[in-house]
Amino acid sequence: MFLFCLLNKVAGSRFAWATRNVRITALNDSTYVGMSLYNVVLLSITTAVVGYFLRDQHERSYIVTSVFILLCVTITLCLVFVPKVLAVAKDPHSIAKPQ
């Protein structure tokens, strides 16, 4: 399972790097994908360290792990989708222009 998640992160990093200079505004979110990957790695390491120190306290370990997972998912979704929602809210009648 860990290997599968690691391969997904590597593939996501590769795609973000390959599309970092895209001129289409709607597709140019590689910086947010990069920040999301940084967020996932940082919170995963933090969760592992805290989980190690709370290995004898099962309830606290479960609560902390659950909170970190929810925090990680929420931050990632906000980093990817909030800029797009703000762009639509800023100009709701805009039409996508071909490049």
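Draft legend 1. Spotlight on the packing of aromatic side chains. Using the criterion set out here, one finds 1 aromatic pair in the structure. Consider the rings of Tyr52 and Phe53, whose centres lie 5.5 Å apart with planes at 70°: the pair is edge-to-face. Taking relative accessible area as the criterion, Phe53 reaches 64% and is therefore assigned exposed.

Draft legend 2. Region of interest: the side chain of Thr47. Here Thr47 is to be found in helix 2 (residues 30-53). For Thr47, the side chain forms a polar contact with the main-chain oxygen of Leu43, separated by 2.6 Å. When neighbours within four sequence positions are excluded, Thr47 is seen to be in contact with Thr65 and Phe68.

Draft legend 3. Examining the environment of Leu71 more closely. Structurally, the position occupied by Leu71 is in helix 3 (residues 58-90). On the basis of relative accessibility, which here comes to 38%, the residue Leu71 falls in the partly exposed class. It is 8.5 Å that separates the C-alpha atoms of Leu71 and Leu43, two residues lying 28 residues apart in sequence.

Draft legend 4. Local environment of the side chain of Asn39. Within the secondary structure, Asn39 sits in helix 2. Residue Asn39 is classed as buried on the basis of its relative accessible area, which comes to 9%.

Draft legend 5. Fine view of the confidence of the model for the chain. When pLDDT is averaged along the chain, the result is 82, and 86% of the positions lie at 70 or above. Mean pLDDT across the elements of the chain ranges from a minimum in helix 1 (residues 2-18), with 81, to a maximum in helix 3, with 88.

Draft legend 6. Structural view of a nonpolar patch on the surface. A contiguous nonpolar patch, built from Phe2, Leu3, Leu6, Leu7 and Val10 and spanning about 550 Å² of accessible area, is present on the exposed surface. Examined against the element boundaries, Val10 turns out to sit in helix 1.

Thresholds applied
- Numbers given for residues are sequential positions, taken from 1 along each chain in its written order.
- Only residues with pLDDT of 70 or above have their local features reported here, since the model is predicted, and side-chain atom pairs are shown and tallied only from 80 upward, although totals for entire chains, interfaces and linings are computed over all residues.
- Side-chain numbers here rest on the full set of heavy atoms in the structure, without hydrogens or water.
- Put simply, two rings from Phe, Tyr or Trp (the six-membered ring, in Trp's case) pair if the centres are within 6.5 Å, and we call them stacked under 30 degrees between planes, edge-to-face over 60, tilted for the rest.
- Three labels apply to residues, based on accessible area from a 1.4 Å probe with only protein chains included: buried if under 20% of the type maximum, exposed if over 50%, partly exposed otherwise in between.
- Secondary structure elements are defined from DSSP: runs of H or I of at least 4 residues count as helices, runs of E of at least 2 residues count as strands, and each element is numbered from the N terminus.
- In protein, a polar contact means a hydrogen-donor-capable atom and an acceptor-capable atom, both N or O and within 3.5 Å, with residues adjacent in sequence counting only if both atoms are side-chain atoms; elsewhere, any N or O pair within 3.5 Å suffices.
- Throughout, a residue-residue contact means that at least one pair of heavy atoms, one from each residue, lies within 4.5 Å.
- The predictor's confidence in any single residue is recorded as pLDDT, a number from 0 to 100.
- Only residues whose relative accessible area exceeds 30% and that form no salt bridge are eligible for patches; like-charged ones are grouped when within 9 Å, while nonpolar side chains (Val, Leu, Ile, Met, Phe, Trp, Tyr) are grouped when within 5 Å.
- Every accessible area reported is derived by Shrake-Rupley at a probe size of 1.4 Å, with residue values counting cover from the shown protein chains alone.
- We define a salt bridge as a contact between a side-chain nitrogen of Lys or Arg and a carboxyl oxygen of Asp or Glu at a distance within 4 Å.

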